Amino acid sequence: MKKSLWLLLLALTLIVVMAACGGNNDPNDGEENVDAANNEDNMDENNGNNENDANDENDGNDDAAAAGDQTLIFARGGDSQSLDFASVTDGESSRITLQIYESLLKFNENSFEVEPSLAHDWDISDDDLTFTFYLEEGVTFHDGTDFNADAVKTNFDRWSDPDSEFAFADDGYAYTTYGNQFGGFKGDDNHIIDEINVIDDHEIEFVLNYPSGAFLQNIAMSYFAMTSPAALEEYGSDINENPVGTGPFKFVSWNKDDRIVLDKNEDYWQPDLPKLDQVIFQVIPDNSARLTALRSGEIDIMDGLNPDDYEMIQEEPGLQPFERETNNIGYLGFNTDKAPFDDPLVRQAMNHAVDKETLISLLYADLAVPAKNILPPAYLGYNDDIEPYEYDPERAQELLEEAGYADGFEFDLWAMPVARPYMPDAERAAEVLQANFADIGLESNIVTMEWATYLEEIETGVQDVFMLGWSGTNGDPDYFLGNLLSTATIPSSNQTFYSNTEVDDLLEQARSVVDEDERAALYEEALAIIHEDAPMINLVHSTPVLAGSDRVQNYVPHLSTSEALTHVELSE
């Protein structure tokens with residue numbers, strides 16, 4: 001079916017439906033993510049220039065004639081959990097919310113360098129405790145109400161204050177990412193923000209309890225974007241299915257596990273933007289089926305390109321490849337609350353059982369590197385002195401015997417049903433890992449289920465060993481370590497249920513330190529402890545690849561795994 005016919009059928013469907021349906025009524029579902037932060041001064045050193053050769057060639061031809069039909073279809077492997085950005089951590093949600101919502105600051109399209117957004121400027125006091133933001137004037141939400149300082153305060157109160165009328169705690173909403181990035185919530189001893197003061201309609205002041213080296217990076221994260229207070233009042237806890245922001249695109253409809261439709265915001269505050277009239281995010285679970293749809297012209301961009309297809313796409317007429325910079329971790333997590341995975345010796349043994357080089361060769365076409373830290377190598381605090389768990393089945397069996405499991409055991413190996421940036425083919429990966437474990441006498445049963453259910457279930461702790469990953473969204477190590485391995489984020493994003501008070505203390509200290517060398521030393525110490533505890537098997541840091549029609553202009557994949565499509569357009 002060609003794209004024009006596909007769009008005609010979609011239009012007929014929308015006439016009948018005329019409303020969003022589906023969605024997830026439990027917004028407290030965590031997956032991976034998607035926003036981490038580095039000190040602003042350290043961005044060039046740690047992240048470098050994130051442009052890549054593919055993007056240099058394909059970022060767009062400004063001289064290309066724009067097509068009359070400016071509807072872009074973006075195909076992805078799984079659906080969003082929620083369209084309320086602050087209460088979930090999955091990348092498929094942020095992919096959508098970045099089109100609808102905007103934060104006070106944003107990241108450069110090629111790095112985690114902070115730039116103006118809804119705030120056009122800001123001042124920082126000499127003691128690093130007061131941040132004053134100056135807001136854009138004349139900005140309205142999609143419902144026509146004004147964006148102003150009161151709206152900013154309403155949003156931050158919603159996330160930070162459990163007693164806020166818009167917190168919706170009784171409906172299952174939880175803002176664990178806020179709690180991690182800002183040291184807790186209102187009234188907590190370590191909460192970074194002391195008070196927020198509205199100076200006037202377009203000036204707002206944040207007063208901190210203590211300096212924070214990542215404060216501006218956190219403010220720029222997509223989790224902390226602005227929702228219309230009027231919409232919060234109107235929709236209440238159904239805001240996760242009725243998003244209203246200031247962004248370049250407005251929400252139209254959501255057919256669960258099928259498509260989300262967004263229309264151009266005709267009143268967008270940035271002149272002559274966006275370029276597209278409509279964006280459709282289409283769910284096509286199978287990687288190969290997405291590529292077939294791209295080749296036939298049914299879609300315009302696909303995520304989750306099989307690495308094996310990447311080289312071929314570079315030479316295929318009518319198509320173009322895209323790369324994201326390495327900024328993730330793919331891992332196998334142990335449920336450390338369940339025997340025998342509550343024993344560090346068992347976890348270390350299973351680390352030695354995994355042949356990462358073969359996994360990379362078979363599944364990633366060498367577009368990945370073995371992981372020994374949870375942090376990507378370019379991050380502040382990466383501990384390069386750690387000795388990796390080498391592939392050593394004999395050592396694995398010795399450790400199992402020491403732990404009392406010389407005869408092995410049987411367990412469930414949970415595999416994701418969708419392609420993710422850090423795991424392009426979870427089913428094949430599970431089969432490779434299953435064979436690795438069989439070599440040391442462990443029998444694993446591969447378990448999979450629908451994506452949203454998968455994410456919900458691993459929060460409950462029913463899993464034995466599970467496949468997942470995490471992608472940075474602000475360039476800071478705390479986004480990885482604090483979310484994945486601190487006690488405070490169990491079970492929303494820490495689904496290993498790993499808890500170590502010494503690690504918690506080190507992460508808390510690092511959060512309140514501004515000096516980069518001091519922060520790095522604290523993270524390196526925490527990583528050494530985590531390595532010995534082995535709550536997960538760090539598999540790979542991958543280079544995610546995508547593909548698109550050569551009609552797509554000005555598309556720049558951000559290393560955070562999500563990017564606004566504000567400047568994208570289609571050529572003839």
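Here the structure is a predicted model, which is why all the values come from computation and not from measurement. The written sequence of each chain sets the order in which its residues are numbered from 1. In keeping with the predicted nature of the model, local features appear solely for residues at pLDDT of at least 70, side-chain atom pairs appear and are counted solely at 80 or more, and the whole-chain, interface and lining totals rest on all residues. To obtain the side-chain values, all non-hydrogen atoms of the structure were used and water was disregarded.

Trainee: Kindly report on the sheet that holds strand E7 (residues 203-208), identifying the contributing residues and their values.
Mentor: On the basis of which strands lie adjacent, the open sheet formed by four strands has the order E4-E5-E7-E6 and antiparallel pairing. Looking at strand neighbours, the two that pair on one side only are strand E4 (119-124) and strand E6 (193-200), the edges of this open sheet. Here the strands of the sheet are splayed against their neighbours by 20° on average, with no regard to which way each runs. Summarising the sheet, E6 and E7 pair through six bridges and their orientation is antiparallel. Of the residues in E7, the one forming a bridge with Glu195 is Val207. Across the face of the sheet, helix H5 (residues 149-160) comes into contact with strand E5 (130-135), E6 and E7 while running at roughly 160° to E6. The pairing criterion is simple: DSSP has to find at least two bridges between the two strands. Note on conventions: DSSP H or I runs of at least 4 residues are helices, E runs of at least 2 residues are strands, and numbering of each starts at the N terminus. Orientation is described by axes fitted as lines to C-alpha atoms, over the contacting stretch for helices, and by angles from 0 to 180 degrees between their N-to-C directions. Whether two residues are in contact is decided by their heavy atoms, any of which lying within 4.5 Å being enough.

Trainee: So what about the confidence of the model for the protein chain? Which residues, and what values?
Mentor: For every residue, the predictor assigns a confidence score, pLDDT, that lies between 0 and 100. Summarising the model, the protein chain shows a mean pLDDT of 89, and 89% of its residues fall at 70 or more. Taken together, the stretch residues 1-62 has pLDDT below 50 and engages in 202 contacts with residues farther than four places along the chain or on a different chain.

Trainee: I'd love a proper account of the pairing of strand E15 (residues 410-414), names of residues and values included.
Mentor: One ladder, built from five bridges, connects E15 with strand E16 (residues 443-447); its direction is parallel. The residue bridging Leu413 from the neighbouring strand is Ile446, located in E16. With two bridges connecting them, E15 and strand E17 (residues 465-471) associate as parallel partners. Within E17, the residue paired with Trp414 across the bridge is Phe466.

Trainee: Break down empty space enclosed by the protein for me, with residues and values.
Mentor: With a 1 Å grid laid over protein atoms only, a set of points is called a cavity when a 1.4 Å probe fits there but cannot get out and a pocket when it is open yet has protein on both sides within 12 Å along at least five of seven lines; lining residues have an atom within 4 Å of a point. Grid points are joined across faces, edges and corners, and a volume is the space filled by probe spheres set on the points. In this structure the tally under the stated criterion is eight cavities of 30 Å³ or more. Volume-wise, the largest cavity comes out at about 100 Å³. Lining of the largest cavity is provided by 13 residues; of these, Leu305, Pro421, Pro424, Pro544 and Val545 occupy positions nearest its centre. As a working rule, the residues Ala, Val, Leu, Ile, Met, Phe, Trp, Tyr, Cys and Pro are called nonpolar, Asp, Glu, Lys and Arg charged, and the rest polar, with Gly in that last group. Partitioning the lining of the largest cavity into residue classes produces eight nonpolar, three polar and two charged. One number sums up the size of the second largest cavity: a volume of about 80 Å³. Surrounding the second largest cavity, Asn351, Lys356, Ala371, Lys372, Pro388, Tyr389, Ile530, His531, Ala534, Pro535, Met536 and Asn538 form its lining. For the lining of the second largest cavity, the secondary-structure elements that each account for two or more residues are helix H18 (516-533) and strand E18 (536-542). In the lining of the second largest cavity, the residues fall into seven nonpolar, three polar and two charged.

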